[in-house]
Each structure stands twice: as structure tokens, then as C-alpha cells.
Amino acid sequence: MVLMERSVVRVMTPILVSSRNITKCSHFNNAGFTLLEIILVLAIIGLASVLIFPNVGNFESRTFDSQIRQAASLLNFAKRAAVVQGRSASIEIYTVPISQASGPKSANAVGYWEFSYGTLRYRDNTDVETEVGEKIEISFYPEGGSSGGTIFFNFEDREARIQINPFSGQVEVEHEY
């Protein structure tokens, strides 16, 4: 009977899932990274660099483009304000900080804009082109017309133009790279 109890105890004893031999073998099998893991990490790093680095180097050109869009939006706002309010409306564009401007502000001005990190030229409807010293004022009239002209924005090797049609007051933006 004692023999039978020992055999029952052996049968009923739970078996350990891991033993020292299995642990040693699995340790040697997981000693490094697989080729798949290395390729996956390199692909993630490559995607991150493609998404991040072009944006870092292109920061100044994006700033220039956003400045031009902002100026065009402000000019369109002045055009709408003149038509809706039934009186002249103007935008003043400064080449120096507005706080340092010496001349009085226009009574018809509905907005001010500052372009102080590049050069600014203005060509009026008679094709006379001048470099803007401190500020320029573009006026819009209730009938839809404007003082018109072309504003040239230069920054490093880039140039953008905003053309204002004197008859319709339409504002068009053109870029040159």
C-alpha cells in the first residue's frame, strides 16, 4: 500500500512548466534582436525624419507665405468693409514696427499690417514703382473700386506680388520662387 501511495502522490503532484534546462535554452535564444525588429525600428525612424526635417528647414518660407496670405486677407476685408459700410476703407501696410511709425494714421483705415523683415515696393496704376519707406495706404471705395496697384514683397531670394485691380478692387496673389 505504501508503494501505491507514492505512485499516487507522483501522479497528483503538479509538474512545473519551466525547469532550469528550459530557462537556460530560452535565455540563449533571446540574446539579441531579430532582423524583423531592427527593420521595424529603422522604418519608424525613417518615417519620423521624413515628416519632421523638411518642415524644420522650410520654416522661413512658410512664414513668408503666411504673411502674404494675411496681407491679402486684410485687403479683401477692407474691400468688403467699404462696400458694406458705404464709405471708403483703407489698409495701411508698414515697413517699420507700427509703434515706431511717425505719420498719423488714416481715419478710413480698417486695419494695419506690418512687414518688417523684407523689402516692400509699390507700383501704382501709372506704372511708377517706388520702394516703400515707412508705410503705404491702399484705399477701397463703396462702388467696388480701389486705389489699385501692385505690392511687391521680397524676402531673401523670394518675391510675391499682390495685385489690386483699380476698377473691381479684386485682390490677386502671385508667388515667384
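It should be emphasised that the depicted structure is a prediction, and the values quoted were computed from it without experimental measurement.

A. Focus on the packing of aromatic side chains. Tallied over the full model, the rule gives 6 aromatic pairs. Consider the rings of Trp113 and Phe115, whose centres lie 5.7 Å apart with planes at 20°: the pair is stacked. Ring pairing ties together the aromatic residues Phe64, Trp113, Phe115, Phe153 and Phe155, which thus form one cluster. Between Arg121 and the ring centre of Phe152, over which it is positioned, the NZ or CZ distance is 4.7 Å.

B. Summary view of unusual backbone geometry. Here the phi dihedral of Asp127 falls at roughly 65°; this positive angle occurs in a residue that is not glycine. Residue placement: Asp127 occurs in the loop between strand E3 (119-123) and strand E4 (129-131). Of the residues examined, Asp127 reaches a relative accessible area of 61% and is grouped as exposed. Residue Glu156 is not a glycine yet carries a positive backbone phi of 55°. Secondary-structure assignment places Glu156 in the loop between strand E6 (149-155) and strand E7 (158-164).

C. View of the pairing of strand E1 (residues 89-94). In terms of burial, E1 is largely enclosed, as 6 of its 6 residues are buried. In this structure, E1 lies alongside strand E5 (residues 135-140), joined through 6 bridges in antiparallel fashion. Note that in E5 the partner of Ile93 across the bridge is Ile136. Where E1 and strand E2 (residues 109-114) come together, 5 bridges link them in parallel fashion. Counted as the bridge partner of Ile91 is Gly111 from E2.

D. Region of interest: the sheet that holds E2. Taking strand neighbours across the sheet as the criterion, the 3 strands line up as E2-E1-E5 in an open arrangement whose pairing is mixed. Both outer strands of the open sheet, E2 and E5, are each paired with one neighbouring strand and no more. Sheet twist, expressed as the average angle between the axes of neighbouring strands with direction ignored, equals 20°.

E. Just the nonpolar core, in detail. Judged by nonpolar contacts, the single largest core of 27 residues is most densely connected at Leu75, Ile151, Phe153 and Ile162. Elements represented by at least two residues in this core include exactly helix H4 (59-85), E1, E3, E5, E6 and E7. Broken down by element, this core gets its largest block of residues, 9 residues, from H4. Not counting residues within four places of it along the chain, the set of residues in contact with Ile162 comprises Ile68, Ala71, Ala72, Leu75, Gly149, Thr150, Ile151, Phe153, Val171, Glu172 and Val173.

F. Representation of the confidence of the model for the protein chain. For the protein chain, per-residue confidence averages 80 on the pLDDT scale, and residues scoring 70 or more make up 77% of the total. Confidence, read as mean pLDDT per element, is least for helix H2 (residues 20-29) in the protein chain (52) and greatest for E7 (92).

G. Structural detail: the pairing of E7. Counting buried positions along E7 gives 6 out of 7 residues, so the element sits mostly inside the fold. Bridge analysis of E6 against E7 gives 7 bridges, and the strand direction is antiparallel. Pairing of Asn154 across the sheet is with Glu159, part of E7. Hairpin geometry of E6 and E7 is characterised by an intervening segment of 2 residues between the two adjacent antiparallel strands and by a positive phi of about 55° at Glu156.

H. Structural context of the side chain of Ser90. Relative to the elements of secondary structure, Ser90 occurs in strand E1. Judged by relative accessible area, which is 0%, Ser90 ranks as buried. Within the structure, the side chain of Ser90 is placed 3.4 Å from the backbone nitrogen of Ala109, a separation counted as a polar contact. Once you skip the residues sitting within four places of it in the chain, Ser90 turns out to touch Ala78, Ser106, Asn108, Ala109, Val110, Gly111, Glu137, Ile138 and Ser139.

Analysis parameters
- Residues numbered from 1 in each chain as written.
- Predicted model: local features only at pLDDT ≥ 70, side-chain atom pairs only at ≥ 80, totals over all residues.
- Heavy atoms only, no water.
- Phe/Tyr/Trp six-rings, centres within 6.5 Å; stacked < 30°, edge-to-face > 60°.
- Lys NZ or Arg CZ within 6 Å of the ring centre and 35° of its normal.
- Helix = DSSP H or I, 4+ residues; strand = E, 2+ residues; numbered from the N terminus.
- Buried < 20%, exposed > 50% of the residue type's maximum accessible area, 1.4 Å probe, protein only.
- Pairing = 2+ DSSP bridges.
- Axes fitted to C-alpha atoms, helices over the stretch in contact; angles between N-to-C directions.
- Core = buried A, V, L, I, M, F, W, Y, C linked by side-chain atoms within 4.5 Å.
- Contact = heavy atoms within 4.5 Å.
- pLDDT = per-residue confidence, 0-100.
- Polar contact = N/O pair within 3.5 Å; in protein donor to acceptor, adjacent residues only side chain to side chain.

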